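Close look at the chain arrangement
One-letter residues, chain by chain:
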Amino acid sequence: GKVRGTRLVGLDVGTKTLGVAVSDTRWQLATPLKTLPRTTFGVLVDALARLLKDYEVAAFIVGVPVNM
């Protein structure tokens, strides 16, 4: 179940960038946070960890667009 004070992180996976959005603590509204360049997996994970270090993340939601 939902843990009080946590957030959801939405990841929009593109071919060249990774869009990152974060929800409010009630999980009702998501706000774009940053767009990260897609490089190697390790570099991307490190950048994502630094970006989200101040948030208590409960889960990630990953979207891969099929058709724009």
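Anything mentioned here points back to the structure above.
Residues numbered from 1 in each chain as written. Predicted model: local features only at pLDDT ≥ 70, side-chain atom pairs only at ≥ 80, totals over all residues. Heavy atoms only, no water.

**Comments concerning the nonpolar core**
- Val9, Leu11, Leu18, Val20, Val22, Leu36, Leu44, Ala47, Leu48 and Leu52 form the largest nonpolar core, which has ten residues in total.
- Within the residue set of this core, elements represented by two or more residues are strand S1 (7-13), strand S2 (17-23) and helix H1 (41-52).
- With four residues, the top contributor of residues to this core is H1.
- Setting aside chain neighbours within four positions, we find valine 9 in contact with Val20, Ala21, Val22, Leu52, Val57, Ala59, Phe60 and Ile61. (Core = buried A, V, L, I, M, F, W, Y, C linked by side-chain atoms within 4.5 Å. Buried < 20%, exposed > 50% of the residue type's maximum accessible area, 1.4 Å probe, protein only. Helix = DSSP H or I, 4+ residues; strand = E, 2+ residues; numbered from the N terminus. Contact = heavy atoms within 4.5 Å.)

**Notes on the sheet that holds strand S4 (residues 57-63)**
- Spatially, the four strands line up as an open sheet ordered S3-S2-S1-S4, and their pairing is mixed. Strand pairing shows two members of the sheet lacking a second neighbour, strand S3 (30-37) and S4, which therefore form its edges. Looking at each pair of strands side by side, their axes are set apart by 20° on average, direction ignored.
- Across six bridges, the pairing between S1 and S4 is parallel. If you follow leucine 11 over to S4, its bridge partner there is valine 62.
- In the packing of H1 onto the sheet, contacts are made with S1, S2, S3 and S4, and the angle to S3 comes to roughly 145°. (Pairing = 2+ DSSP bridges. Axes fitted to C-alpha atoms, helices over the stretch in contact; angles between N-to-C directions.)

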